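Spelled out, the chains give:
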Amino acid sequence: MLQDLAFGRLENEYRPVPPKDEDAVLCFRDNALLVKRFPNGNLALPTVSRVRGELQYAFRLHGVSYYLAPNAAGEGEWIPVRQLRYEADNTFCYAAMTGWHLYKWYESSRFCGRCGEKTVHDEKERMVKCPNCGNLIFPRINPAIIVGVTDGDRILLTKYAGRGYTHYALVAGFTEIGETVEQTVSREVMEEVGLKVKNIRFYKSQPWGIDGGLLLGFFCDLDGSDAITLDENELSVAQWHERNSLPIDDDGYSLTREMIRIFGQGKEPR
Ligand SMILES: [Zn+2]
């Protein structure tokens, strides 16, 4: 998956150090990232020496310091963040998506939501605070579930309605306030495909910075009728597929694809 190469090597503690010329800069504008493209198609991030503007320390990954550069300017190509997965390797994507998550949080935390005063960054940890009313604002991570609904040797695959991503996926959705993630699984499956489920078991999680989320992957068993009632606002397709003829491969990137592969190999948690 996306984070596996980098997992354990991301240093996300807030330990700002002055930027050095060779450090990497994540420069976002609208929904795009500034990159340098080499003749062979490989992408690289601009370094500190190549970017003009204020820098905000983000994290270290594989020993490299990354900075955010809101409102900065530099030479290069702007690539939509959602396009990166098709053009860059996992380490690059992981850095970009994690930086994007932070960037969006900083962007929406510039003012206190309680009193409207301009916030300031805490000196010791990743937090902004309000000098007027004392409100403390921590990075926001939205939990979401993704679930492989299984019935013996069949798994339910879906396609989203009205989205750019047109491949098969699994039922998914964000956790609501006051809900356990297991309840999210049951509710989302009922809402999207009208099925009851049981024996919900956790598989793995994946940080998914593009939506500011943390994806929690589950498998569960069908409970009762297998007749699908599709929520056409959310999905264009929901079908049962046999374990030995799944129509989609693991891309080495997403939890969704890994879960489908694991089911195809009969290795899902029972
Ligand atoms: Zn305030």
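About the criteria used
- Residues numbered from 1 in each chain as written.
- Predicted model: local features only at pLDDT ≥ 70, side-chain atom pairs only at ≥ 80, totals over all residues.
- Heavy atoms only, no water.
- Pairing = 2+ DSSP bridges.
- Helix = DSSP H or I, 4+ residues; strand = E, 2+ residues; numbered from the N terminus.
- Donors = N, O, S within 2.8 Å, 3.2 Å for Na, K, Ca; no water.
- Tetrahedral: all angles 85-135°; square planar, octahedral: opposite > 155°, others 65-115°.
- Buried < 20%, exposed > 50% of the residue type's maximum accessible area, 1.4 Å probe, protein only.
- Contact = heavy atoms within 4.5 Å.
- Core = buried A, V, L, I, M, F, W, Y, C linked by side-chain atoms within 4.5 Å.

Which parts of the structure should I look at to understand the sheet that holds strand β11 (residues 120-121)?
Each strand in a sheet pairs with its neighbour through backbone hydrogen bonds, running either in the same direction (parallel) or in the opposite one (antiparallel). Strand order in the open sheet made by the 3 strands is β11-β12-β13, with antiparallel pairing throughout. Bordering the open sheet on either side are β11 and β13 (136-137), each of which pairs with just one other strand. Pairing between strand β12 (residues 128-129) and β13: 2 bridges, direction antiparallel. The residue of β13 that forms the bridge with Val128 is Ile137.

When you look at the coordination of the zinc ion in this model, what are you seeing that I'm missing?
Think of it this way: four donors in a tetrahedron around the metal ideally sit 109.5 degrees apart, and six in an octahedron ideally sit 90 or 180 degrees apart. At 2.3 to 2.4 Å from the zinc ion lie its protein donor atoms, namely Cys112 (SG), Cys115 (SG), Cys130 (SG) and Cys133 (SG). Bound by 4 donor atoms, the zinc ion shows angles of 99 to 120° at the metal and therefore tetrahedral coordination geometry. Overall, Cys115 belongs to the partly exposed group, its relative accessible area being 36%.

Before we go on, may I ask you to explain helix α3 (residues 255-264) in this structure?
Because each turn of an α-helix spans 3.6 residues, side chains separated by three or four positions end up pointing in the same direction. Here α3 lies mainly inside the structure; 8 of its 10 residues are buried. Restricting attention to buried positions, one finds in α3 the residues Leu255, Thr256, Arg257, Glu258, Met259, Ile260, Ile262 and Phe263. Elements that come into contact with the buried residues of α3 comprise β14 (142-151), β15 (154-160), β17 (197-208) and β18 (213-222). Looking one or two places after α3, you find Gly266, whose phi comes out positive at around 70°.

Is there a simple way to explain the nonpolar core in this structure?
The nonpolar side chains of a soluble globular protein tend to be buried with one another. Among the nonpolar cores identified, the biggest contains 81 residues, and Leu26, Leu33, Phe59, Tyr66, Leu84, Val147 and Val189 are the most heavily contacted of them. The element contributing the most residues to this core is helix α1 (residues 90-108), with 11 residues. Non-local contacts of Val147, meaning those with residues more than four positions away in its chain, are made with Leu170, Val171, Val185, Val189, Phe218 and Cys220.

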